[in-house]
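Descriptive analysis of the structure
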Amino acid sequence: MQRYILRRLLQGALLLFIVALVVFALARVSGNPIDLLVREDATAEDRAHLQKALGLDRPMHEQLYIFLTGAVRGDLGQSIRYRRSAAEVFFERLPNTLKLLPLAMAGALAIAIPLGVLAAVYRGTLVDRLAGGLAVLGIATPQFWLGIVLIYVFSIQLGVLPSARMGGPSHYVLPAVTLGVFLLAGMMRLVRSSLLEVMGSEFVKLARLKGLSQTIVIWKHCLRNALIPVVTLFGVYFALLVTGAIVTETVFAWPGVGRLTYEAVIFRDYPLLQAVILLKAVIVLSVNLVVDILYAYLDPRVRYA
Amino acid sequence: MNIRIFLNLMLGGFLAVGGAPAAHAADKDTLVIALDTLGAQVMDPIMDTRAPHAHYHAPVWDSLVGFDLEKGGIGPGVAERWEVAADGKSWTFYLRKSLRFHNGDPVTARDVKFSLERKMSPESIASGAAALRRAVDRIEVVDDLTVRVHTKGVIPYFAASLSRAVFMEGSVMPKKYIETVGAKGFREKPIGSGPWKFVRSVPGDRIEYEAVDYPHWRGTPQFKRLTLLLVPEQSTRLAMVRTGEATIGSIGPEAIKEARVGGMKIVSVPGTMQAVYQFWGLYRPEAKGSPLADVRVREALSLAIDRQQIVDHVMGKQAQWPMPFATFRYSSDMSIPRWDDWARTALRYDPARARQLLAEAGHGGGFKLTFWNTALPGTPFMVQIGEAVAGFWEKIGVKVEVKTTEWGAFDPMTRGEQKALVGTASMYRTAGRPEPAPRYIGSFNSKGVQHLLGDPQNCPAICQDADRAYEAVVSERDDAKRAAAANRMIELVAKSWIAVPIIEGMGYWAVNPKGVGFFKPIPGRHEFGDVTERMPRPEQRPWP
């Protein structure tokens, strides 16, 4: 197990290096941040001064060297827009996203697992069809549209929930539901299909022959095995949403890292964009590692492979 | 369809239907303004470069030169008055008595000197830092309330450049406090002499202020607290104003109808920008055979545009008939009535005359025209205006090849030799500012950034005339003579039809009339950073 983890860590370091190179190059293809910072009648001298003040006048290879050596030391540079450490800006916003994600994910799981089990157990019945329809609706509904509908109904019409921003517990409801519906649909479908596969296995037949009740067979024996791909998907969703909840965070004015990523792109804030993507890569790799370890725990064949 | 536009339409439609009042409205003592941007959200006047800082810096810091609140343009600020020396090379500013910073320290000439020097310092990235460095020779403290700035030449618009009517160079910072706590400490706990004291800044979310507890020369706030919220999505801003979670929200012209239907009031700020189109590199040898090189063709293209249609339908009647290039009804150094009359006539819609001029120029059958349709940051509706302009040109037989281009891709092409733009037209914008001359040097002077009339290597007669006209304006110390010179400069450009105004744009705000009373904005200044202190409570001055 230790050799497995060590190998994955080395692979991760190599991947991070490649990500760093790619993001450094791609960030600069999108344009020059100076264009957005200077006023319309700025002279060449004004531009040159700003370029120097921001360290953008250095040759490209020098900027890359500074970025890579800094990254190794944990210094991801200064945000051009905020004039502060890019990593500091990222970690300042990360808790806001992390406060929202568990709510959305826990809510989604709490509904997706029972619903997926019901759909699998009552395969082909009205229950299955209803659950399937719900899943299609959840996947097909654009998040921004759902967010707007929720604001309209619960904030404008009923006046029971705030329409946006971080705040007390009531502020979490609409953004968490918006994110959760998207997660719920995918997870429910996966639980159902995975459970159906497991329910046809030999060990399940044996369990039934032994006279175990349907509840024990499904919830104890089948579900544990069926959850392996769900855990994988859960990890992938979590990593994706850490910086990928852009639409939800924008609609609900939630100051998380999803919106920060969007701002870094729009303002061509190279150091911030580099930092956000690199740190996101670290999060994705870490989550994947944890998922793989969990996977190995849930499925002993992985452990011994 | 762009996600943002779709989103706006969706909620816009919903808002029109009606609804119940929300239980999450802001408390009555807090003025809450929802903004589309908080810029860099750095509480230090030397660390932000563009207009958003006029939203969030202005409550805390006073400016050396202020506003003419009724007409727009410049007026008294921390300096009650100022005068320029006989040789035009030094400006003396006389400060208000009894002004204090939020920690109780008096505002003195030493603070003004310190502030201007800090703005010019190497670490400053303020928008006008380079211009100040070029302009200022030295700063002299005459006495506690008098400061004299010696300039490197005659700069008639020097005072204006220290007003937020233009940019932010005139913010007065506390010398003693900054020297004590350092730059970092100042950014964390900033103080100024403005009517609002800084309380807290939550990055990416909000900035909170509280009102000073003494009468303030800019106006004593009627609310106890001020909160600026960053709400990037317009639909959400509208919803927040509707429910009372925000009192005021910035909106674009496309949201005005929906806001009105939802019971909100609209505050339009006149003269914040002018949408223009302009022709590039027509003086260059490779553009010699272009139909656009003929002034009759350029005038015909202007006559083909029905500006009233654009004002009514693209801008939802929330725009004005423009004045000549980069001039507004609050501009100084020019004859407003004369140019207002000129604009009504010369910028009229006359397609018959346009066709006649094209025929006279030998292009009655039309010609091909490349038109870069782009929008500068903050004014996305420029693209819709550009589409309308291209449509009007098509109607008189011009075959317009519209190249809709993101600003970030277009802007680099406007610098240097502008090879990709030679012989083409593009959309552009001029920001609202009181004096036209600084904008004219950038666009028309042979050494200017855009040099639309010629560059130092190819400077035809009109280019040389423009250079001389500009020099005549900026070297003239007599006000009347300078106004006459400015009129000549404006006329030269107007008759060239090289850069042509389309509409005068406005800044738009949705207001919840239950949260704030009737107030007037400052003409030309979209941001409310200098308005909040004069906003009444709803019961003090109800909306008409």
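Look a little higher up for the structure.
A short tour of the structure in this document, coming up. Note that the structure is a prediction, hence the values are computed from the model and not measured. (Residues numbered from 1 in each chain as written. Chains lettered and ligands numbered in written order. Predicted model: local features only at pLDDT ≥ 70, side-chain atom pairs only at ≥ 80, totals over all residues. Heavy atoms only, no water.)

**Points about helix α1 (residues 2–29) of chain A**
For α1(A), spanning 28 residues, the distance from its first C-alpha to its last is 41 Å, which sits close to the expected 40 Å at 1.5 Å a residue. Following α1(A) by one or two positions, A:G31 adopts a phi angle in the positive range, close to 130 degrees. (Helix = DSSP H or I, 4+ residues; strand = E, 2+ residues; numbered from the N terminus. Expected span 1.5 Å × (residues − 1).)

**Re the pattern of salt bridges**
Under the defined criterion, the tally for this structure stands at 45 salt bridges over all chains. Here A:R165 and B:D205 are joined by a salt bridge, their closest N and O atoms 3.2 Å apart. Separated into two different chains, A:R165 in the loop between α7 (143–157) and α8 (170–199) and B:D205 in the loop between β8 (196–202) and β9 (206–211) make up a pair that spans both. Linked by salt bridges that have partners in common, B:D62, B:R164, B:R218, B:D530, B:E533 and B:R534 make up one network. (Salt bridge = Lys/Arg side-chain N within 4 Å of Asp/Glu carboxyl O.)

**A word on the state of the cysteines**
All names here are of chain B. Using the criterion set out here, one finds one disulfide over all chains in the structure. Linked covalently through their sulfurs, C459 and C463 form a disulfide whose S-S length is 1.9 Å. With the S-S dihedral at roughly -90 degrees, the linkage between C459 and C463 falls on the left-handed side. Looking at C463, the relative accessible area reads 0%, which means it is buried. (Disulfide = S-S within 2.5 Å. Buried < 20%, exposed > 50% of the residue type's maximum accessible area, 1.4 Å probe, protein only.)

**Quick notes on the packing of helix α5 (residues 86–121) of chain A against helix α12 (residues 257–266) of chain A**
All names here are of chain A. One can describe the packing of α5 onto α12 by two numbers: an axis separation of 8 Å at closest approach and a directional angle of 140 degrees. By the angle class used here, α5 and α12 are oblique. For the pair α5 and α12, contact is made by V89, F90, R93, L94 and T97 and by V257, G258, L260 and E263, respectively. Of the residues assigned to the contact of α5 with α12, the class counts are five nonpolar, two polar and two charged. (Axes fitted to C-alpha atoms, helices over the stretch in contact; angles between N-to-C directions. Parallel < 35°, antiparallel > 145°, perpendicular 65-115°, else oblique. Contact = heavy atoms within 4.5 Å. Nonpolar A, V, L, I, M, F, W, Y, C, P; charged D, E, K, R; others polar.)

**Things to note about the pairing of strand β13 (residues 368–373) of chain B**
Residues and elements named next belong to chain B. A large share of β13 lies buried, amounting to five of its six residues. Since β13 and strand β14 (residues 399–404) lie parallel, the crossover through helix α12 (residues 382–395) that links them has a hand, and here it is right-handed. Bridge count for β13 against strand β15 (residues 424–431) is two bridges, and the pairing is parallel. Looking at β15, one finds that F371 is bridged to A425. (Right-handed = clockwise from strand over helix to strand, strands pointing away. Pairing = 2+ DSSP bridges.)

**Here we look at a nonpolar patch on the surface**
A surface patch of nonpolar side chains, about 670 Å² in accessible area, is lined by A:L14, A:F17, A:I18, A:L21, A:V22, A:L26 and A:V29. Residue position: A:F17 is located in helix α1. (Patch = residues over 30% accessible without salt bridge, like charges linked within 9 Å, V, L, I, M, F, W, Y side chains within 5 Å. Areas by Shrake-Rupley, 256 points an atom, 1.4 Å probe, with all protein chains shown as cover.)

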